[in-house]
Each structure stands twice: as structure tokens, then as C-alpha cells.
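Residue-level listing of the chains:
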Amino acid sequence: MKRRTVYAATIVAMLVMVGGFTLASGLFGGFTATTVNGNQGAIATADTIYSPGISNSMLTSAAGGTGGTCTASSSTGTPTVTVTAWIAGGPGACTTTPDYIMQLTFTSANSLTAKTYTDEFLVSSEFGTATSYTTSAVSISCTISGVENQCQAVINIDTGIAATQAQPAITAIDVTVTGS
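Every value quoted in this text rests on a predicted model; they were computed, and no experiment measured them. Every chain's residues receive numbers from 1 upward, in the order its sequence appears when written. Owing to the predicted nature of the model, reporting of local features is limited to residues with pLDDT of at least 70; listing and counting of side-chain atom pairs is limited to 80 or more, with chain, interface and lining totals taken over all residues. Side-chain metrics in this entry use all non-hydrogen atoms of the structure; hydrogen atoms and water are not considered.

1. Brief notes about the overall build of the chain
So, point 1. Assigned secondary structure in the chain consists of one helix and nine strands.
So, point 2. Relative to its 180 residues, the chain shows a buried fraction of 34%.
So, point 3. Residue burial considers only the protein chains on display, and all accessible areas are found by Shrake-Rupley using a 1.4 Å probe. As displayed, the chain has an accessible area near 10,200 Å², and 58% of this comes from carbon and sulfur atoms. Going along the chain from the N terminus, every DSSP run of H or I of four or more residues is numbered as a helix, and every run of E of two or more is numbered as a strand. Partly exposed describes any residue whose relative accessible area lies between the buried limit of under 20% and the exposed limit of over 50%, with all areas from a 1.4 Å probe on protein chains only and scaled to the type maximum.

Written out as C-alpha cells, the structure is:
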């Protein structure tokens, strides 16, 4: 009889605890969901042609920059003009050594009028074991002549971490776009 009482008391205690958890989860929105903000960083593209934000991102490897620099940019394409630029994202970036590259692609609205759109991309990033941000900027000019109607900015962030090493952790990337 004592054993049955102990079992019954245990079952009642468990039901009370489960009931309390259900009540608590109903009171606090998000109690049953997890939001991970880890390395998402912040993207600010409002009031520019790139206001739709990032259309693609990927971690890849490539020789750092064009000719060992992170200042050269190139433009190609119809009906979407794609402008590709390189920036330094960490110590040791922008050499001819193949590094890990974080590539961010921004695509504009697809109804641009014929003219040159110039936007400044300010990027702060932290990769691998770096203990502080590296901040770099690049100016992207996209010329729409009439046949084209959309701009795409491809920003290659050279992490400065050689592709022969393990893939770096992406601690944070913050992007602010100003201009057109």
C-alpha cells in the first residue's frame, strides 16, 4: 500500500510539473523556440538600390584580390550588370595566396533607369581567431545604359586565412550601404 501511495504521489508531482511547464511556455512567447543570432551580424541597405539586401552568400576559396590587391573591381553582364569587388576582411588578406573568401551578393530592384548608380559598401568582419573587427570599404559603380535594368554587387571579403588551413569561423559580418 505504501508503495502505491509513493507511485501515485510521484505521478501527481510529475503531472503538476508538466502542467506548470505548459503554463510557463504559454506565458512567455518564444519559450519553446530558440533564436540563434551567432554570426549573422547586421546588414543596412535601406534607401539604396540594394535595399532588397543579400541575395546570396557563400564561403569559398580563391587567390586574394586581383593582382594581390583588394581595390580593383570589374563589371560584366546584360540585362543584369554585375560588379565584383574585393576587400580585406582580416590580417594577411589581399595577397596572391589563395585564402578563404566570404562572398556576399546584393541584387537591386529590376526596374532601374539608365544612369550610373554609385554605392559605398562599408564592411566590418571578424573571422577565425581574430580578436577585433577589420573594417574595409569599397565603392561600387553600376552603369545602366538602357539594355540593362538591374545591378548586382558581388563583394568578396578576403578573410586572410589561407585555404590550406581549416575553414575559419565567421564571428561577425556587418555591412552598411550608402549612396544611390
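2. Here's the deal with the side chain of Thr48
So, point 1. For Thr48, the position within the fold is in the loop between strand E1 (42-44) and strand E2 (54-63).
So, point 2. We define a polar contact as two N or O atoms separated by no more than 3.5 Å, with the added condition that, inside protein, one atom must be a possible hydrogen donor and the other a possible acceptor, whereas residues neighbouring each other in sequence contribute only through side-chain atom pairs. Within the local environment of Thr48, its side chain forms a polar contact with the backbone oxygen of Thr45, the two atoms lying 2.7 Å apart.
So, point 3. Dropping the residues within four chain positions of it, Thr48 is found in contact with Asp119, Val177, Thr178, Gly179 and Ser180. Residues count as neighbours in contact if any of their non-hydrogen atoms are within 4.5 Å of one another.

3. Here we look at the packing of aromatic side chains
So, point 1. In this analysis, rings of Phe, Tyr and Trp, with Trp reduced to its six-membered ring, are considered paired at centre separations within 6.5 Å, and the interplanar angle assigns stacked below 30 degrees, edge-to-face beyond 60, and tilted for intermediate values. Enumeration over the complete set of coordinates arrives at two aromatic pairs.
So, point 2. Three or more aromatic residues link up through ring pairs in this structure, and these residues are Tyr50, Phe106 and Phe121.

4. Some points on the sheet that holds strand E7 (residues 134-144)
So, point 1. Note on pairing: DSSP must find at least two bridges between two strands before they are called paired. The strand order across the open sheet formed by four strands is E1-E9-E6-E7, and the pairing between neighbours is mixed. For this open sheet the edge positions go to E1 and E7, each flanked by a neighbour on one side alone. Neighbour-to-neighbour, the strand axes of the sheet open up by a mean angle of 15°, direction not taken into account.
So, point 2. With nine bridges joining them, strand E6 (residues 115-127) and strand E9 (residues 170-179) adopt antiparallel strand pairing. Of the residues in E9, the one forming a bridge with Ser125 is Ile173. A fitted line through C-alpha atoms represents every axis, and for helices the fit uses only the stretch in contact; the resulting angles, taken between N-to-C directions, go from 0 to 180 degrees.

5. A look at the sheet that holds E2
So, point 1. Across the sheet, five strands lie side by side as E2-E5-E8-E4-E3; this open sheet has mixed pairing. Strands at the two margins of the open sheet, each flanked by one partner only, are E2 and strand E3 (73-76). Strand-to-strand twist of the sheet, defined as the mean angle between neighbouring strand axes without regard to direction, takes the value 20°.
So, point 2. Bridge count between E3 and strand E4 (residues 80-88): four bridges; the pairing is antiparallel.

6. What to know about the side chain of Thr107
So, point 1. Relative to the assigned elements, Thr107 resides in strand E5 (residues 98-107).
So, point 2. Within the local environment of Thr107, its side chain forms a polar contact with the side chain of Ser55, the two groups lying 2.8 Å apart.
So, point 3. Polar contacts involving the side chain of Thr107 include one to the side chain of Gln152, which spans 3.1 Å.
So, point 4. Excluding its chain neighbours within four sequence positions, the residues that come into contact with Thr107 are Tyr50, Pro52, Gly53, Ser55, Gln150, Cys151 and Gln152.

7. A closer look at the environment of Cys70
So, point 1. As for its placement among the helices and strands, Cys70 is situated in the loop between E2 and E3.
So, point 2. For Cys70, a relative accessible area of 14% corresponds to the buried category.
So, point 3. C-alpha of Cys70 to C-alpha of Ser136: the two residues are 66 residues apart in sequence and 9.5 Å apart in space.
So, point 4. Cys70 has contacts with Trp86, Ile87, Ala88, Cys94 and Asp158, leaving out every residue within four places of it along the chain.

8. Examining the pairing of E6
So, point 1. As paired elements, E6 and E7 share 11 bridges and run antiparallel to each other. Bridge pairing in E7 links Ser124 to Thr135.
So, point 2. Following E6, the chain reverses through six residues before pairing antiparallel with E7; Gly128 in that reversal takes a positive phi of roughly 60°.

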